[in-house]
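# Summary of structural features
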Amino acid sequence: MNLYIFVLFFIGYPIFAGEPIALITKSRGNAKYKIYSESKFRSNAQINTPIFHGNIIKTKAKSFSQVVYLDDRSTVSAYSKTEVTINGTIENRMIDKQVDVMTGILKVKVFNQIISEFKLTTPHSELTCNECSFWVICDKEKGDRFYKISGNILVKNPSIDET
């Protein structure tokens, strides 16, 4: 019996193990989050909730949530009616960051990326940068609008293969 538990622990450990890549640092209104392995959203994203690779943040009307990556303080702020997946893999204590926006309004501030570029994807576009700050409005019907605040940003539209 003990051997069975021991084997199950070592086989199952990688499935349940994982380091958080970010924290929810601000939350107002009806903001929810979902762990990638679960089917339902958890109610009210609380401050200091750890975010793991693949977690989804969803804000309702008049809501707001801010996520800060743990390695360099890069921030992703989700405004009303936004759904976003926070991704990241840890390499040498640095996080390779990617954000997937399904819909909504985001403000993103990316600090100097050392191991690879920050990547933001929407249903229509793909944005990459090393150090930048920008807004994105993602609308499934109207497309995407990007507003650069600072830095060098590359936006690519794969459907028309234009940069």
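Please refer to the structure higher up on the page.
Within each chain, residue numbers correspond to sequence positions counted from 1 in written order. At least 70 in pLDDT is required for a residue's local features to be given in this predicted model, at least 80 for side-chain atom pairs to be given and counted, and no such filter applies to totals for whole chains, interfaces and linings, which use all residues. With hydrogens and water stripped out, all remaining heavy atoms of the structure feed into the side-chain values.

### Observations regarding the environment of Glu91
For the purposes of this entry, the term helix denotes a DSSP run of H or I that reaches at least four residues, the term strand denotes a run of E that reaches at least two, and both are numbered from the N terminus. Among the secondary structure elements, Glu91 is positioned in strand E7 (residues 82–91). Throughout, exposure labels follow a simple rule: accessible area from a 1.4 Å probe, protein chains only, divided by the maximum for the residue type, with under 20% read as buried, over 50% as exposed, and the rest as partly exposed. Under the relative-accessibility criterion, Glu91 is labelled partly exposed at 40%. Expressed as a C-alpha distance, the spacing of Glu91 and Ile115, which sit 24 residues apart in the sequence, is 8.0 Å.

### Quick notes on the nonpolar core
Residues Ile86, Val99, Leu106, Phe118 and Leu120 are the most contacted members of the largest nonpolar core, which totals 29 residues. Sorting elements by how many residues they give to this core places strand E8 (residues 94–110) first, with 6 residues. Should any heavy atoms of two residues lie within 4.5 Å, those residues are counted as being in contact. Setting aside residues no more than four positions away along its own chain, Leu106 makes contact with Val76, Ser77, Ala78, Thr82, Val84, Val99, Val101, Leu120, Phe134, Trp135 and Val136. Residues belong to a common nonpolar core when they are buried Ala, Val, Leu, Ile, Met, Phe, Trp, Tyr or Cys residues joined through side-chain atoms within 4.5 Å.

### As for the pairing of strand E11 (residues 132–139)
Alignment of E8 against E11, held across 7 bridges, turns out to be antiparallel. Within E11, the residue paired with Leu106 across the bridge is Val136. When DSSP finds two or more bridges between a pair of strands, those strands are recorded as paired. Sheet analysis places E11 next to strand E12 (residues 143–151), joined by 8 bridges and oriented antiparallel. Within E12, the residue paired with Ser133 across the bridge is Ser150. Between E11 and E12, which pair antiparallel in sequence order, lie 3 residues.

### Considering the pairing of E7
By the bridge criterion, 5 bridges tie strand E4 (residues 55–59) to E7 in an arrangement that is antiparallel. Considered in E7, the bridge of Ile57 is made with Val84. Direction of pairing for E7 relative to E8: antiparallel, over a ladder of 9 bridges. Looking at the pairing, Asn87 lines up with Gln98 of E8.

Purely spatial values, then, with no claim about function.
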